[in-house]
Amino acid sequence: MDVSVTLWVLTIVGLAALIAVDFFIGRKPHEVSIKEAGVWTVVWIALAGLFGVGLFVFRGGQPAGEFFAGFITEKSLSVDNLFVFVLIMAKFAVPTQYQQRVLLVGVLIALVLRAAFIAAGAAILASFSWVFYLFGAFLIWTAWKLIQEARADEEDEEFEENKLLKAAERRFGVADRYHGTKLWIQENGKRVMTPMLVVMLAIGTTDVLFALDSIPAIFGLTQDPYIVFTANAFALMGLRQLYFLIGGLLKKLVHLSYGLSVILGFIGVKLVLHALHESGVHVPEISIPVSLGVICAVLIVTTITSLMASRKQAAAEAAGVEGEGAAKDGVDARPGRR
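The written sequence of each chain sets the order in which its residues are numbered from 1. With the structure being a predicted model, the display of local features is reserved for residues of pLDDT at least 70 and the display and counting of side-chain atom pairs for 80 or more, all residues being used for whole-chain, interface and lining totals. Side-chain metrics rest on all non-hydrogen atoms present in the structure, leaving aside hydrogens and water.

- Per an unreviewed UniProt entry, the chain goes by TerC family protein and derives from Streptomyces camelliae.
- UniProt positions are given in the numbering used here, feature names are shortened, and annotations may be inferred rather than shown by experiment. Of the chain, the UniProt comment under Subcellular location (unreviewed entry) reads exactly: "Membrane".

### Here's the deal with the overall build of the chain
Stage number 1. A tally of regular secondary structure across the chain gives eleven helices and two strands.
Stage number 2. Helix and strand definitions follow DSSP, with helices as H or I runs of at least four residues and strands as E runs of at least two, each counted in order from the N terminus. From first element to last, N terminus to C terminus, the chain shows the α and β order α-α-α-α-α-α-β-β-α-α-α-α-α.
Stage number 3. With 338 residues in all, the chain has 44% of them scored as buried.
Stage number 4. Should any heavy atoms of two residues lie within 4.5 Å, those residues are counted as being in contact. The contacts in the chain between residues at least 6 apart in sequence include a share of 78% that link residues at least 24 apart.
Stage number 5. About 18,000 Å² of surface is accessible on the chain, with carbon and sulfur atoms providing 65% of the total. Exposure is judged per residue with a 1.4 Å probe applied to protein chains only, and the accessible area is read against the type maximum: over 50% gives exposed, under 20% gives buried, and values in between give partly exposed. Accessible areas in this description were obtained via Shrake-Rupley with a 1.4 Å probe; residue shielding takes into account the shown protein chains only.

### Concerning the pairing of strand 2 (residues 190-193)
Stage number 1. Where strand 1 (residues 184-187) meets strand 2, four bridges bridge the pair, whose relative direction is antiparallel. Opposite E187, over in strand 2, you have K190 as the bridge partner.
Stage number 2. By the convention used here, strands pair only if DSSP detects at least 2 bridges between them. Where strand 1 folds back onto strand 2 in an antiparallel hairpin, the turn is made up of two residues, including N188, whose phi is positive at roughly 55°.

### Some thoughts on a positive patch on the surface
Stage number 1. A grouping of K91, K163, K166 and R170 is seen on the molecular surface, where their side chains present a positively charged patch.
Stage number 2. Per-element tally for the positive patch: the top contributor is helix 6 (residues 163-172), with three residues.
Stage number 3. Relative to the helices and strands, K163 resides in helix 6.
Stage number 4. Overall, the relative accessible area of 75% leaves K163 in the exposed class. For patch detection, residues must exceed 30% relative accessible area and be free of salt bridges, and they are connected within 9 Å for like charges or within 5 Å for nonpolar side chains (Val, Leu, Ile, Met, Phe, Trp, Tyr). Should a side-chain nitrogen of Lys or Arg be within 4 Å of a carboxyl oxygen of Asp or Glu, the pair is scored as a salt bridge. Asp and Glu are treated as the negative residues and Lys and Arg as the positive ones, with His and the ends of the chain left uncounted. Charged groups are reduced to one reference atom each: NZ for lysine, CZ for arginine, CG for aspartic acid, CD for glutamic acid.

### Here's the deal with a nonpolar patch on the surface
Stage number 1. A contiguous nonpolar patch, built from I124, F128, W130, Y133 and L134 and spanning about 490 Å² of accessible area, is present on the exposed surface.
Stage number 2. By secondary structure assignment, the location of W130 is in the loop between helix 4 (99-127) and helix 5 (131-152).

### Some points on helix 1 (residues 5-25)
Stage number 1. For a helix, the expected span equals 1.5 Å multiplied by the residue count minus one. Taking 1.5 Å as the rise per residue, helix 1 with 21 residues should run 30 Å; its terminal C-alpha atoms sit 30 Å apart, in good agreement.
Stage number 2. Along helix 1, the positions that sit buried rather than exposed are T11, L15, I19 and D22. One side of helix 1 holds all its buried residues, which, seen down the axis, span an arc of 65°. Of the exposed residues in helix 1, those oriented more than 90 degrees away from the buried face are V5, T6, L10, V13 and I25.
Stage number 3. Buried residues along helix 1 sit in contact with helix 2 (34-59), helix 4, helix 8 (225-237) and helix 9 (239-246). Throughout, the arc means the angular range of directions from the helix axis out to the C-beta atoms.

### Things to note about the packing of helix 1 against helix 8
Stage number 1. Relative to each other, helix 1 and helix 8 sit at 0°, their axes nearing to 12 Å. Compared by their axis directions, helix 1 and helix 8 come out roughly parallel. On the side of helix 1, the interface is formed by L7, W8, T11, I12, L15 and I19, while helix 8 contributes P225, Y226, F229, T230, A233, F234 and M237.
Stage number 2. The residue classification treats Ala, Val, Leu, Ile, Met, Phe, Trp, Tyr, Cys and Pro as nonpolar and Asp, Glu, Lys and Arg as charged. All others, Gly included, are polar. Considering only residue class, the contact of helix 1 with helix 8 consists of eleven nonpolar, two polar and no charged. Angles shown run from 0 to 180 degrees and are taken between the N-to-C directions of axes, each axis being a line fitted to C-alpha atoms and, for helices, limited to the stretch in contact. In what follows, roughly perpendicular refers to angles from 65 to 115 degrees, roughly parallel to angles under 35, roughly antiparallel to angles over 145, and oblique to any angle outside these ranges.

Structure (structure tokens):
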């Protein structure tokens, strides 16, 4: 899709305006309610839908289909980010009323870093078509790794600070407590970071690790940098509200990793087939409608099976507790037993 510089500028300005509105509406630190998170989640999804419809009206069905496939893929992969965000919030003991500000700035940092990744990826793919093989193989490997991690079922997972974050803490120092929403304070005559800035950087830079699989994944659905960027932007900008909306539901999505591994593996195969086709090998290519259908079907099935498994596990645990209670009461009720 041929995108002019003017359209790029208008798009970035429009996204910046939406982010500014989101920021000023929620600028006062407060605990986000389920209702507020739900309303804003619907707003961001509706805005993404309107953008996709606009692409369909002005550019046709192909770009619109690529956008929706990319948006749904990035949105589903970003849900996996929320597990790590929960760990980061717990690690730095972020007060509830400050969490929305942390997520807003952290997501903005992530969006800027992803934009750089997208620009680099587009330039590489435009110059070296064989990179599709690497992207495809990497996604298939990532899919297998996700399955292995899901089977390991590591419940005692903890967030570990990356090297960039540790270097910043050593260089500038960190205050021992939060100071409202301030990012820097003067302490003993020295300017130091507050934990608020540290946790923002943690969320923003940690997202880079997720971009390593999400960016190749969306390039497997479309090679248009404009669609890749806008799909990422809309997926990330609604992530803050999604954090508060489904925070309690995350533990119930026990099969999410399996679903994401299927999606990544599917897109990896699609990339390899596309690379073979570009090399002159006559192989079938997977169309965008088929890709969109597979992605949606996998997410629906994964969600349903996750909720069923969680409900079954909760019922089994409740039955076990009741059984232990009955046994204890029976023992205590015997004459001469304590």
